Amino acid sequence: MSKVMKETISTLAYLLGVLCVTWLVITFVGQRTKVDGSSMEPMLSNGDNLIVDKITYRFSEPKRFDIIVFPFKYQENTYYIKRIIGLPGEIVQIDEQGSIYINGELLEESYGREIIQPEHIGIASNPILLGEDEYFVMGDNRNNSTDSRTEVVGNISREDIIGRAWVRIWPLSKIGVLRHQ
């Protein structure tokens, strides 16, 4: 076999290896996603690029206040980024003053948020009992977010959660690990 042929085979084997590793990382470890819209402001802004951690939830359950990524069930290749508010088995309700209650107790949140206006309480004005694998999610921009308060999104099934927003990689001025709580 000639030297050129050996180098060609070696290069092709190297490229195939890189493609396989890339596929494994994107499929099982993490993927890039881009924020489209303002529903997670001030935490995440339109145009932010994130790396989604797809491995953590293989070993542990999602926690309250985690920022997760899941597919929008009515539009292919569209993913939502929201914060987990309610966990499986809990009862979530939002009162007329915009306060969120979990199992009848006021939810204490440690990140800045706006007061939910009455017209944005949605279906959560009535108690919502989450199933054993369901999560109630909301955007941080409470008055400008399509989330579990609407029938279009509703409760999120555990199997639909792709992963947890982990690192912002763009814009460079905001690069860093995301704070979930």
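Everything that follows concerns the structure shown earlier in this document.
Quick look at the structure, then. (Residues numbered from 1 in each chain as written. Predicted model: local features only at pLDDT ≥ 70, side-chain atom pairs only at ≥ 80, totals over all residues. Heavy atoms only, no water.)

**Structural notes on the overall build of the protein chain**
- For the protein chain, the count of helices and strands is one helix and 12 strands.
- In the protein chain, the succession of α and β elements from N to C terminus is α-β-β-β-β-β-β-β-β-β-β-β-β.
- Since a compact globule built from 181 residues should have a radius of gyration of about 16 Å, the 20 Å found for the protein chain marks it as more spread out than a globular shape.
- In terms of its C-alpha atoms, the protein chain occupies a principal-axis envelope of roughly 80 × 35 × 30 Å. (Helix = DSSP H or I, 4+ residues; strand = E, 2+ residues; numbered from the N terminus. Rg over C-alpha atoms; globule rule 2.2 N^0.38 Å.)

**Details of the nonpolar core**
- Residues I85, I94, I100, F136 and M138 are the most contacted members of the largest nonpolar core, which totals 15 residues.
- Mapped onto this core, the elements with two or more residues apiece are strand 5 (91-94), strand 6 (100-102) and strand 9 (134-138).
- Listed in part, the 12 residues of the second largest apolar core include F72, V153, I156 and I161. (Core = buried A, V, L, I, M, F, W, Y, C linked by side-chain atoms within 4.5 Å. Buried < 20%, exposed > 50% of the residue type's maximum accessible area, 1.4 Å probe, protein only.)

**Observations regarding the pairing of strand 9**
- Of all five residues in strand 9, four are buried, a share of seventy percent or more.
- With three bridges connecting them, strand 4 (residues 79-86) and strand 9 associate as antiparallel partners. When the sheet's bridge partners are listed, I84 is paired in strand 9 with V137.
- In terms of strand pairing, strand 9 meets strand 10 (residues 156-157) through two bridges, oriented antiparallel. From the neighbouring strand, Y135 faces strand 10, where its bridge partner is I156. (Pairing = 2+ DSSP bridges.)

**Observations concerning unusual backbone geometry**
- Residue E41 is joined to P42 through a cis peptide bond whose omega torsion reads 10°.
- The omega torsion across W170 and P171 is 5°, close enough to zero to call that bond cis.
- As for its position among the elements, P171 is in the loop between strand 11 (163-170) and strand 12 (176-177).
- Not every positive phi belongs to a glycine, and F65 is a case in point at roughly 80°.
- Tracing the backbone through its elements, the reader meets F65 in the loop between strand 2 (49-53) and strand 3 (67-71).
- When its relative accessible area of 9% is taken as the criterion, F65 is described as buried.

**A short note on the sheet that holds strand 7 (residues 105-106)**
- The antiparallel open sheet is built from four strands, whose spatial order is 7-6-5-8. Looking at the sheet topology across the chains shown, the edges are occupied by strand 7 and strand 8 (128-129).
- For strand 5 and strand 6, the ladder comprises three bridges, and the chain directions are antiparallel. Each residue of the ladder has a partner; that of V92, found in strand 6, is I102.

**What to know about the side chain of S39**
- Relative to the helices and strands, S39 is located in the loop between strand 1 (30-34) and strand 2.
- Side chain to side chain, S39 and K82 meet in a polar contact 2.8 Å long.
- Setting aside anything within four residues of it in sequence, one finds S39 in contact with I81, K82, G139, D140, N141, N144 and S145. (Polar contact = N/O pair within 3.5 Å; in protein donor to acceptor, adjacent residues only side chain to side chain. Contact = heavy atoms within 4.5 Å.)

**Overview of the packing of aromatic side chains**
- Scanning all chains against the criterion turns up two aromatic pairs.
- Considering the side-chain rings of F70 and Y80, the 5.9 Å spacing of their centres and the 70° angle between planes classify their relative orientation as edge-to-face. With F70 in strand 3 and Y80 in strand 4, this pair connects stretches of sequence that are 10 residues apart.
- A relative accessible area of 17% places Y80 in the buried class.
- Note on F72 and Y80: the rings are 4.8 Å apart at their centroids and 10° apart in plane angle, and the pair reads as stacked. Of the two residues, F72 and Y80, neither departs from the other in class, the shared state being buried.
- Stacked on the ring of Y80, the Lys or Arg K82 has its end atom at 5.2 Å from the ring centre. (Phe/Tyr/Trp six-rings, centres within 6.5 Å; stacked < 30°, edge-to-face > 60°. Lys NZ or Arg CZ within 6 Å of the ring centre and 35° of its normal.)

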